[in-house]
Amino acid sequence: MINNKKAVMKHDLILTAKGHPGTQKRMEQEFELIKLWEQPDRAAALKAAAPKIRALAHTGHSKVDATLMDALPKLEIIANFGVGVDQIDLDAAKQRGIIVTNTANVLNDCVADCAIALVLNTLRKFPQADKYVRAGLWKTQGTYQFTTSLGGKTLGILGLGRIGEEIAARAKAFKMNIRYHNRNKKDVPYPYDPDVVTLAKNCDVLVAITPGGPETKGIVNAAVLDALGPQGYFVNVARGSVVDQPVLLKYLRDKKIAGAGLDVYYDEPDVDPAFFELDNAVLLPHMASATNETRTAMGGLQIENILLHLSGKPVKTPV
Ligand code: NAP
Ligand code: 8YV
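Small disclaimer: the values here were computed from a predicted structure and weren't measured.

A.B. asks: Any chance you could explain the nonpolar core here in plain terms?
C.D. replies: Within soluble globular proteins, side chains that are nonpolar tend to cluster in buried spots. Of all hydrophobic cores here, the largest spans 32 residues; its most connected members are V119, L155, I157, I167, V205 and V207. Put simply, the parts of the chain that give this core at least two residues each are α5 (108-124), β6 (154-158), α8 (162-173), β7 (177-181), β8 (205-208) and β9 (233-236). Leaving out residues up to four positions away in the same chain, I157 has contacts with G164, I167, A168, I178, R179, Y180, H181, L199, V207 and I209. By size, the runner-up hydrophobic cluster in this structure holds 29 residues, among which are V224, L228, Y251 and F275.

A.B. asks: What should I look at first to understand the side chain of N80 in this one?
C.D. replies: Relative to the helices and strands, N80 is located in strand β4 (residues 77-80). Owing to a relative accessible area of 1%, N80 belongs among the buried residues under this scheme. There is a polar contact of 3.1 Å between the side chain of N80 and the backbone oxygen of G82. Within the local environment of N80, its side chain forms a polar contact with the side chain of Q87, the two groups lying 3.4 Å apart. N80 has contacts with H58, V85, Q87, I88, T101, N102, T103 and Q302, leaving out every residue within four places of it along the chain.

A.B. asks: Even after reading the chapter, I still don't get the site of ligand 1, so can you show me in this structure?
C.D. replies: Close to ligand 1 lie 25 residues, the nearest being R162, I163, R183, N184 and D263. Take L160: an N or O atom from its main chain is 3.3 Å from an oxygen atom of ligand 1. D263 is positioned with one of its side-chain polar atoms (N or O) 2.9 Å from a nitrogen atom of ligand 1. Look at ligand 1: alone it shows 920 Å² of surface, and the protein chains cover 87% of it. In terms of residue class, the shell around ligand 1 is made up of ten nonpolar, ten polar and five charged.

A.B. asks: I keep staring at the pattern of salt bridges and nothing clicks. Help me out?
C.D. replies: Counted under the stated rule, the structure contains 16 salt bridges. As a salt-bridge pair, R183 and E215 come within 3.4 Å of each other at their nearest N and O atoms. Linking R183 in the loop between β7 and α9 (196-202) with E215 in the loop between β8 and α10 (222-228), this pair joins segments that are 32 residues apart in sequence. Assigned by exposure class, R183 and E215 land together as exposed. By sharing partners, the salt bridges in this structure join D109, D113, E166 and R170 into a single network.

A.B. asks: Where do I start with the pairing of β7 in this structure?
C.D. replies: Consecutive residues of a regular strand have side chains that alternate between opposite faces of the sheet. When you tally the buried positions in β7, you get four out of five residues, the bulk of the element. Relative to β7, β6 runs parallel, the two sharing five bridges. Across the sheet, the residue bridging to G156 is R179, located in β7. Each parallel crossover has a hand, and for β6 linked through α8 to β7 it is right-handed.

A.B. asks: Mind showing me how you'd approach the packing of helix α1 (residues 21-30) against helix α12 (residues 292-310) here?
C.D. replies: Think of two packed helices as two axes; the pair is described by the angle between the axes and how far apart they sit. The N-to-C vectors of α1 and α12 enclose an angle of 25 degrees; their axes lie 9 Å apart at closest approach. It follows from the interaxial angle that α1 and α12 lie roughly parallel. Considering how the two elements wind past one another, α1 and α12 form a crossing that is right-handed. The segment α1 lies against α12, with T23, R26, M27 and E30 engaging R295, G299, G300, Q302, I303 and L307.

A.B. asks: How do you make sense of the environment of G84 when you look at a structure like this?
C.D. replies: Here G84 is to be found in the loop between β4 and α4 (90-95). Judged by its relative accessible area of 17%, G84 falls in the buried class. Taking the C-alpha atoms as reference, G84 lies 24 Å from P194; in sequence the two are 110 residues apart.

A.B. asks: Would you mind showing me how to read the site of ligand 2 here?
C.D. replies: Taken together, G60, H61, F81, G82, V83, G84, L107, R239, H286, S289, R295 and M298 are the residues near ligand 2. Between ligand 2 and the protein, one listed contact pairs an oxygen atom with a side-chain N or O atom of R239 at 2.7 Å. The side chain of R295 places a nitrogen or oxygen atom 3.1 Å from an oxygen atom of ligand 2. Bound to the protein, ligand 2 loses 90% of the 330 Å² it would expose on its own. Tallied by class, the residues present in the shell around ligand 2 amount to four nonpolar, six polar and two charged.

What counts, and at which threshold
Residues numbered from 1 in each chain as written. Chains lettered and ligands numbered in written order. Predicted model: local features only at pLDDT ≥ 70, side-chain atom pairs only at ≥ 80, totals over all residues. Heavy atoms only, no water. Core = buried A, V, L, I, M, F, W, Y, C linked by side-chain atoms within 4.5 Å. Buried < 20%, exposed > 50% of the residue type's maximum accessible area, 1.4 Å probe, protein only. Helix = DSSP H or I, 4+ residues; strand = E, 2+ residues; numbered from the N terminus. Contact = heavy atoms within 4.5 Å. Polar contact = N/O pair within 3.5 Å; in protein donor to acceptor, adjacent residues only side chain to side chain. Near = heavy atom within 4 Å. Areas by Shrake-Rupley, 256 points an atom, 1.4 Å probe, with all protein chains shown as cover. Nonpolar A, V, L, I, M, F, W, Y, C, P; charged D, E, K, R; others polar. Salt bridge = Lys/Arg side-chain N within 4 Å of Asp/Glu carboxyl O. Pairing = 2+ DSSP bridges. Right-handed = clockwise from strand over helix to strand, strands pointing away. Axes fitted to C-alpha atoms, helices over the stretch in contact; angles between N-to-C directions. Parallel < 35°, antiparallel > 145°, perpendicular 65-115°, else oblique. Left-handed = near helix turned anticlockwise from the far one by under 90°.

See the structure below:
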């Protein structure tokens, strides 16, 4: 009997790290997948794969640098699992003609939900109040301390981009006023502040949702936190690098700002234990986009970009 089925040639793909299981499973089906983190000798594995590797899928926050790109001279596309690409050397990619893609837009809602949850939990202290009930303190010590309302307060958005605009839309439903700072003023119905200190001065809650990287490193510094003041709150869903973390810790400890809600840190997942002592900080493990639905959509878009490129078509979300 003649087998009419054509053997489908799969493209080779390097995946840099273990990530979302459903996405990895799809990659195993669609590609000849090389799992870089499982290779006992990474350099030897890269050398062996180099002649055939045109695509690399990146997940997590390890560096994708010029050395890695040079180890793969036939590389044409780096597809990132995530919208932020601060861990990828974009200049090195550009110099080598390598396309970089991200997972823009599909995570806007979840990340904005998380930002609002951090605002709500930081001002209303719900996680701390939950601990109070579980510890039996309601019965022995009475009513939990009074907290702070969102309604009527001003939310300052540092980085009114795709996600920032979704945060603004949600904050309006909580009857908050909105202001923002970007490098470029936008055509939006919210007041613009020309710099971060002015934004911090004019708001009660400052939310950072800019890209990371050298351009935004430490833009939330002592001057910004001074402008926010002892009644002000800081929420970070951008990158840990955006805030001067030792200064933030000091300001929280000394009550020079009222509180902070954080999804991101220096050196994740090695969070500075000094944060654990603070009653005025709400801490999440970089989980803003981490729902089954959104991570599946991110993986779908990452794979779609790779397949589009390898079939000679334009990618969907280039950086
Ligand atoms: P986006 O649409 O590009 O928005 C970024 C905004 O930041 C833009 O409005 C941009 O405006 C502003 N910006 C950039 N550089 C700035 C600077 N130096 N000073 C002030 N404003 C600046 O990006 P997005 O899709 O909303 O994502 C934003 C970032 O959120 C990502 O890059 C990532 O770091 C972070 N993120 C975190 C999570 C998480 O899990 N916690 C999830 C998703 C995304 P101008 O260009 O006019 O300055
Ligand atoms: C992910 C993120 O946690 O999209 C981003 O920029 O920070 C998050 O959605 C991360 O990229 C997963 O590796």
